[in-house]
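Results of the structural survey
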Amino acid sequence: MNRYGRSVLGCWFLLFLMEYGWTAPQDGFSLAVGGMAHAAHAQLVNDGLDRHFDSAGIALYGDAQFVVSPKWSFNPYVLTGLEKAHGDVTQNIGNSSGGLQLRHWWNNCYLGANVNYSIEQIFKGGSVQSATFGPGVGLNAGYETPAGLILGLGVDFPQSLYLSPTNHRSGAWMVLGYRWH
């Protein structure tokens, strides 16, 4: 990028900061939508077979933010999605989790960790063919404007706290939404 391009980009960035400003986190509730994807190597309980599959689809996210200090917040959250699987499993999959995030803030940006409880359901027709569930962990990052607009990103490792050699799951999600203060 030449000097002119960097100058124009720098001006747009300054205008963005002037419009949305920098602030500390604020208490409130959020609702966001976006996408999610998961990959699994799992031994399904109902048939004992090893299955490898990937899935992707839509996500709905909500949380309540409780500010502890200008640098820290606790966020109980729920995340749910409907995904289409590919690989050894080709049905629709429902992935849901609820948990507690601990976030560290740098102005409007945060980085956090979470513990969660997740449920993965494989649907066949209109009924649940199989389900797995358990405790897991994750990481998240994001940006919130003082006006309440949010961008959230996360990776999770559902059911990882079982420490099972036959169950390896990982996922990623991205959501856009709004926080009411």
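Up top is the structure.
Quick look at the structure, then. (Residues numbered from 1 in each chain as written. Predicted model: local features only at pLDDT ≥ 70, side-chain atom pairs only at ≥ 80, totals over all residues. Heavy atoms only, no water.)

To describe a pair of aromatic rings, one takes the distance between the centres and the angle between the planes. Summed over all chains, the structure comprises four aromatic pairs. Judged by centre distance (5.4 Å) and plane angle (20°), the ring pair of tyrosine 61 and tryptophan 173 falls under stacked. Remark: tryptophan 173 occurs in strand S8 (residues 167-180) and tyrosine 61 occurs in strand S2 (residues 50-69); sequence separation between them is 112 residues. Tryptophan 173 shares its class with tyrosine 61; the two are buried. Taking the centre distance of 5.0 Å and the plane angle of 80° together, the rings of tyrosine 178 and tryptophan 180 count as edge-to-face. According to the relative accessible area criterion, tryptophan 180 is partly exposed, its value standing at 48%. The structure contains a cluster of three or more aromatic residues connected by ring pairs, namely Tyr61, Tyr77 and Trp173. (Phe/Tyr/Trp six-rings, centres within 6.5 Å; stacked < 30°, edge-to-face > 60°. Helix = DSSP H or I, 4+ residues; strand = E, 2+ residues; numbered from the N terminus. Buried < 20%, exposed > 50% of the residue type's maximum accessible area, 1.4 Å probe, protein only.)

We now examine unusual backbone geometry. Leave glycine aside and you will find that most residues have negative phi; peptide bonds, for their part, are mostly trans. Even without a glycine there, the phi angle at asparagine 107 is positive, about 55°. Note that asparagine 107 resides in the loop between strand S4 (92-106) and strand S5 (109-124). Backbone geometry at glutamine 159 places phi at a positive 60°, although glycine is not the residue there. Here glutamine 159 is to be found in the loop between strand S7 (149-157) and S8. Classification of glutamine 159 by relative accessible area gives buried; the value is 2%.

For S2 and strand S3 (residues 72-87), the ladder comprises 14 bridges, and the chain directions are antiparallel. Considered in S3, the bridge of glycine 62 is made with valine 78. Once S2 ends, the chain turns through two residues before running back antiparallel as S3. Here S3 pairs with S4 via 13 bridges, running antiparallel. (Pairing = 2+ DSSP bridges.)

As a rule of thumb, soluble globular proteins bury nonpolar side chains together. In terms of nonpolar packing, the biggest core is built from nine residues, these being Ala32, Met36, Ala59, Tyr61, Tyr77, Leu79, Ile150, Trp173 and Val175. Every element with two or more residues in this core is listed here: strand S1 (28-43), S2, S3 and S8. Apart from residues no more than four positions distant in its own chain, tryptophan 173 is found in contact with Gly35, Met36, Tyr61, Leu79, Gln101, Asn140, Gly152, Leu153, Gly154, Val155 and Asp156. Counting six residues, the second largest nonpolar core, distinct from the first, contains Ala40, Phe53, Val89 and Ile93. (Core = buried A, V, L, I, M, F, W, Y, C linked by side-chain atoms within 4.5 Å. Contact = heavy atoms within 4.5 Å.)

This next bit is on the pairing of strand S6 (residues 127-144). In summary, the side chains of a regular strand alternate between the two faces of the sheet. Bridge count between S5 and S6: 16 bridges; the pairing is antiparallel. Note on S6: the bridge partner recorded for isoleucine 122 is serine 130. The antiparallel pairing of S5 with S6 creates a hairpin that spans two residues between the two strands, and glycine 125 there sits at a positive phi of about 65°. Two elements, S6 and S7, share eight bridges in a ladder whose sense is antiparallel. Bridged to valine 137 within S7 is phenylalanine 157. Where S6 hands over to S7, the hairpin turn is made up of four residues, of which glycine 148 adopts a positive phi near 110°.

What follows is about a nonpolar patch on the surface. On the surface, Phe66, Val68, Trp72, Phe74, Leu100, Leu102 and Val115 cluster together to form a nonpolar patch covering roughly 630 Å² of accessible area. Of all the elements in the fold, those that place two or more residues in the nonpolar patch are S2, S3 and S4. Within the secondary structure, valine 115 is located in strand S5. (Patch = residues over 30% accessible without salt bridge, like charges linked within 9 Å, V, L, I, M, F, W, Y side chains within 5 Å. Areas by Shrake-Rupley, 256 points an atom, 1.4 Å probe, with all protein chains shown as cover. Salt bridge = Lys/Arg side-chain N within 4 Å of Asp/Glu carboxyl O.)

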